[in-house]
Amino acid sequence: MRAPLFNVHGVSAIYRFEMARFTRTIWQSLVTPVITTSLYFVVFGSAIGSRMQDVHGVPYAAFIVPGLMMMTLFTESIFNGSFGIYFPKFVGTIYELLSAPISPLEAVVAYVGAAATKSVVLGLVILATASMFVSIDIAHPIAMVGFLVLIAVTFALFGFILGIWANSFEQLNVVPMLIMTPLTFLGGAFYSIEMLPAAWRVVTLFNPVVYIISCFRWSFFGQADVPVALSVGLTVAFFAACLVAVGMIFKTGWRLKN
Amino acid sequence: MSSIISISNLTKTYASGVQALKPVSLEIKRGEIFALLGPNGAGKTTLINIVCGIVTSSGGTVLADGHDIVRDYRLARMKIGLVPQELHTDAFETVLHTVSFSRGLYGRPRNPEFIEKVLRDLTLWDKRNAMIRTLSGGMKRRVMIAKALAHEPTILFLDEPTAGVDVELRRDMWDMVRSLREKGVTIILTTHYIDEAEEMADRIGVINKGELIVVEEKAALMKKLGKKELTLQLQEPLTAIPAELSDWQLDLKADGLELHYAFDGTSDPNATGRGISSLLKRVSELGIGFKDLNTKQSSLEDIFVNLVHRDSGAGK
Ligand SMILES: Nc1ncnc2c1ncn2[C@@H]1O[C@H](COP(=O)(O)OP(=O)(O)O)[C@@H](O)[C@H]1O
Ligand SMILES: [Mg+2]
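Please read all numbers here as calculations on a predicted model, not as lab measurements.

1. Quick notes on the site of ligand 1
Consideration 1: In the vicinity of ligand 1 there are 13 residues, among which Gly-41, Gly-43, Lys-44, Thr-45 and Thr-46 of chain B approach most closely.
Consideration 2: One chain alone does not account for the residues near ligand 1; they come from chains A and B.
Consideration 3: In the environment of ligand 1, an oxygen atom lies 2.5 Å from a nitrogen or oxygen atom belonging to the side chain of Thr-46 of chain B.
Consideration 4: Computed on the free molecule, ligand 1 has an accessible area of 560 Å², of which 68% lies beneath the protein chains in the complex.
Consideration 5: The residue inventory of the shell around ligand 1, partitioned by class, reads five nonpolar, seven polar and one charged.

2. So, the confidence of the model for chain B
Consideration 1: Averaged over every residue, the pLDDT of chain B is 88; residues scoring 70 or more account for 91%.
Consideration 2: Mean pLDDT in chain B bottoms out at helix 10 (residues 300-313) of chain B, which sits at 67, and peaks at strand 6 (residues 80-83) of chain B, which reaches 98.

3. A closer look at the sheet that holds strand 5 (residues 67-68) of chain B
Residues and elements named next belong to chain B.
Consideration 1: Spatial ordering of the open sheet is given by 2-1-4-5, a layout of four strands whose pairing is antiparallel. Looking at which strands have only one partner, the edges of the open sheet turn out to be strand 2 (19-29) and strand 5.
Consideration 2: Pairing analysis gives seven bridges linking strand 1 (residues 3-13) to strand 2, with the strands arranged antiparallel. Considered in strand 2, the bridge of Ser-3 is made with Lys-29.

4. A few points about the coordination of the magnesium ion (ligand 2)
Tetrahedral metal sites with four donors have an ideal angle of 109.5 degrees; octahedral sites with six donors have ideal angles of 90 or 180 degrees.
Residue and element names in this part refer to chain B.
Consideration 1: Taken together, the protein ligands of the magnesium ion (ligand 2) are Thr-45 (OG1) and Gln-85 (OE1), with distances of 2.0 to 2.2 Å. With Thr-45 in helix 1 (residues 44-52) and Gln-85 in the loop between strand 6 and helix 3 (95-105), this residue pair connects regions lying 40 residues apart in the sequence.
Consideration 2: The class of Thr-45 is partly exposed, set by a relative accessible area of 25%.

5. Some thoughts on the nonpolar core
Consideration 1: Among the nonpolar cores identified, the biggest contains 147 residues, and Ile-5 and Phe-157 of chain B are the most heavily contacted of them.
Consideration 2: Among the elements that take part in this core, helix 7 (residues 141-165) of chain A stands out by supplying twelve residues, more than any other.
Consideration 3: When near neighbours in sequence (up to four residues on either side) are disregarded, Phe-157 of chain B contacts Ile-5, Ile-48, Val-51, Cys-52, Ile-80, Gly-81, Leu-82, Val-83 and Ile-188 of chain B.
Consideration 4: Membership of the second largest hydrophobic core comes to 13 residues, among which are Leu-245, Trp-248, Phe-263 and Leu-279 of chain B.

6. Description of the packing of aromatic side chains
Residue and element names in this part refer to chain A.
Consideration 1: Enumeration according to the criterion identifies 19 aromatic pairs over all chains in this entry.
Consideration 2: Seen in terms of ring centroids, Phe-147 and Trp-218 are 6.4 Å apart; in terms of plane orientation they differ by 65°. Their pairing is edge-to-face. Here the residue Phe-147 occupies a position in helix 7, and Trp-218 occupies one in helix 10 (residues 208-221), the gap between them amounting to 71 residues.
Consideration 3: You can call Trp-218 partly exposed: its relative accessible area is 22%.
Consideration 4: Within the aromatic cluster, the residues linked to one another by ring pairs are Phe-74, Phe-155, Phe-158 and Phe-238.

7. Brief notes about the domain arrangement of chain B
Consideration 1: Each domain of chain B was delimited in the assignment, giving domain 1 (3-223) and domain 2 (227-297).
Consideration 2: Of note, the centres of domain 1 of chain B and domain 2 of chain B, computed from C-alpha atoms alone, are 45 Å apart.

8. Comments concerning the side chain of Thr-231 of chain B
Consideration 1: Mapped onto the elements of the fold, Thr-231 of chain B is located in strand 11 (residues 227-234).
Consideration 2: Among all residues touching Thr-231 of chain B, those that are not within four sequence positions of it are Glu-258, Leu-259, His-260, Asp-292, Leu-293 and Asn-294 of chain B.

9. A word on the pattern of salt bridges
Consideration 1: Following the criterion strictly, the structure yields 18 salt bridges over all chains and no others.
Consideration 2: With its nearest N and O atoms 2.7 Å apart, the salt bridge here joins Glu-18 of chain A to Arg-21 of chain A. Taken together, the residues span about one helical turn, with Glu-18 of chain A and Arg-21 of chain A both in helix 1 (residues 8-24) at a distance of three residues.
Consideration 3: Residue Glu-18 of chain A is classed as buried on the basis of its relative accessible area, which comes to 2%.
Consideration 4: Linking Arg-203 of chain B and Glu-32 of chain B is a salt bridge whose minimum nitrogen-to-oxygen distance equals 2.8 Å. On the criterion of sequence distance, the pair formed by Arg-203 of chain B in strand 9 (residues 203-208) and Glu-32 of chain B in the loop between strand 2 and strand 3 (33-37) is long-range, its members being 171 residues apart.

10. Re the pairing of strand 1 of chain B
All names here are of chain B.
Consideration 1: Among the eleven residues in strand 1, eight count as buried, and that is most of the element.
Consideration 2: Taken together, strand 1 and the strand that follows it, strand 2, pair antiparallel across an intervening segment of five residues, in which Gly-17 is found at a positive phi of about 100°.
Consideration 3: Note that strand 1 and strand 4 (residues 59-64) share five bridges and pair antiparallel. Bridge pairing links Ser-6 to Leu-63 in strand 4.

11. Description of the interface of chain B and chain A
Consideration 1: At the interface, 30 residues of chain B touch 29 residues of chain A.
Consideration 2: Carbon and sulfur atoms make up 61% of the area that chain B and chain A hide from each other, which totals about 2,800 Å².
Consideration 3: Looking at the side of chain B facing chain A, the largest losses of area belong to Arg-74, Phe-101 and Leu-105 of chain B, adding up to 25% of the total buried there.
Consideration 4: Inspection of the region where chain B meets chain A yields three salt bridges.
Consideration 5: Ionic pairing is found between Arg-74 of chain B and Glu-106 of chain A, a salt bridge with its closest N-O pair at 2.6 Å.
Consideration 6: The tally of links from chain B across to chain A stands at 14 residue pairs in polar contact (both at pLDDT 80 or more).
Consideration 7: Of all the secondary-structure elements, those providing two or more residues to the side of chain B that touches chain A are helix 2 (73-79), helix 3 and helix 5 (137-149) of chain B.

12. Some points on the side chain of Lys-44 of chain B
Residue and element names in this part refer to chain B.
Consideration 1: With respect to the helices, strands and loops of the structure, Lys-44 is situated in helix 1.
Consideration 2: At a separation of 2.8 Å, a polar atom in the side chain of Lys-44 contacts the main-chain carbonyl oxygen of Gly-38.
Consideration 3: A distance of 3.0 Å separates a polar side-chain atom of Lys-44 from the backbone oxygen of Pro-39.

13. Overview of the sheet that holds strand 9 of chain B
All names here are of chain B.
Consideration 1: What the six strands build is an open sheet, ordered 6-7-8-3-9-10; its pairing is mixed. A strand with exactly one partner marks an edge of an open sheet, and here the two such strands are strand 6 and strand 10 (211-217). Direction aside, neighbouring strands of the sheet carry axes that sit 15° apart on average.
Consideration 2: Pairing geometry for strand 3 and strand 9, over four bridges, is parallel. Residue pairing across strands places Ala-35 opposite Ile-204, the latter belonging to strand 9.

Here is what the cut-offs are and how they apply
- Residues numbered from 1 in each chain as written.
- Chains lettered and ligands numbered in written order.
- Predicted model: local features only at pLDDT ≥ 70, side-chain atom pairs only at ≥ 80, totals over all residues.
- Heavy atoms only, no water.
- Near = heavy atom within 4 Å.
- Polar contact = N/O pair within 3.5 Å; in protein donor to acceptor, adjacent residues only side chain to side chain.
- Areas by Shrake-Rupley, 256 points an atom, 1.4 Å probe, with all protein chains shown as cover.
- Nonpolar A, V, L, I, M, F, W, Y, C, P; charged D, E, K, R; others polar.
- pLDDT = per-residue confidence, 0-100.
- Helix = DSSP H or I, 4+ residues; strand = E, 2+ residues; numbered from the N terminus.
- Pairing = 2+ DSSP bridges.
- Donors = N, O, S within 2.8 Å, 3.2 Å for Na, K, Ca; no water.
- Buried < 20%, exposed > 50% of the residue type's maximum accessible area, 1.4 Å probe, protein only.
- Core = buried A, V, L, I, M, F, W, Y, C linked by side-chain atoms within 4.5 Å.
- Contact = heavy atoms within 4.5 Å.
- Phe/Tyr/Trp six-rings, centres within 6.5 Å; stacked < 30°, edge-to-face > 60°.
- Domains from an automatic or database assignment.
- Salt bridge = Lys/Arg side-chain N within 4 Å of Asp/Glu carboxyl O.
- Buried area = accessible area lost by both parts, 1.4 Å probe.
- Axes fitted to C-alpha atoms, helices over the stretch in contact; angles between N-to-C directions.

This is the structure we're talking about:
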């Protein structure tokens, strides 16, 4: 008997298992972003947005859409990526994954793939909700979808690492809440960094989220705060770093095996 | 190739510094039922978990059906099914889903007929659409067994399969183990219930403090290490064992009302002049009356207690 090169059945079993959790609670999963997005539009779009100037010729209400999508994409990707692997660790069912004929790469493809799928779906739901409030022309639709997927996969992978690292639910929440949320708010989700005083603009450039939101917004409106190539390069580099980290985690069995 | 599992010089020291396995070497024969017997903390789970890929070894090698469990982990693991000691289940999954999931995870294509058969054999079919959290502990244990069998393994590990299990499940489990063996599945089970090993196993390995003390055919083990014991129920209590009986190394029990004589069950004690008949003769010569007498063959339990005791007694 020869070893199969890729455990297709194993990957699809995990992927479907993870997606089932999403579809079991499909209404909760979808209603939340729809309501949140609508609230943002009531507050930022109508109440505040009407008093705001256009940003680079884009109406403020439309300008915030990519940032809104990114905010959900970050939190959902990290949460789903981390929960998928943290939960079996927590309840002990991880024994089955560890004893299965499945390679680290296959496990990552399955868990991260499922987590990224969910957040891409949510991102598109937000876009659809937003387009009911404001008309949005997407300048580079293919690039937009490409970024959406790349960013979802990258942060789901990052979440996967967090899920392996975390020893408690508190630790699981600490990075999304204490790091990602502020970085997103300060990362130009709701403004162009050109609107900031010069000194703050420099500080902001140390915030990696700025680069991600900037390139995503470029795919919508054709304008970026920082060069698009730099943004893409940084995101890919972060993705590669996470991939290397996951490889090392599985190789050493860190936090997974005794 | 007669060994299906070949373990050589396997060691494990946990990060805490606990040495759970001293170099252990063991060959499991194809198609046998092997019982790994040992007290709590002996290293049984550690050994199994290393073979199954849940714990990393500190040294040594393991081959499963000729495949190195680290280098050729895919082929090795496809052959192995594991029912772990602890009940770990996905509370919110249904029985059918979780068992089908296991089959896929182990790289096997869907086969609803086979899954149905496994569930029927374990009397889980009626519960196939029940959520696992609604099941009793015994039923959950059955689910774990079904998961382990879902990918048609040829090697099955059962880690303390009957700990905290009711009589019915225990009986079902032994029926299942026997019928799996008939199909050629090799079964390795751990237990600290000796009667279980005595009832089921072809061969027994005794492990204590990370060391394999003996590996023997069950019958040979009992013969080699088994003792017989003669008990005399006395009419009048004795305060001490008379000097005339010192040849036999007797014990006085039950407030002087019982005389115990333990002897090697394999060699013929009569040949040495210290047999039962000469003992009984001497007893009646001394005028010690007895109401009753019985002999008993020591069980595996006695053998086991002896072995483990002797092992710790040696100051290890
Ligand atoms: N994860 C662990 N970390 C540290 N020590 C452990 C761990 N698991 C088991 N041990 C220790 O290793 C020894 C063997 O344990 P185990 O293999 O579970 O024994 P058994 O299954 O025979 O009861 C025990 O002393 C136990 O405390
Ligand atoms: Mg154990």
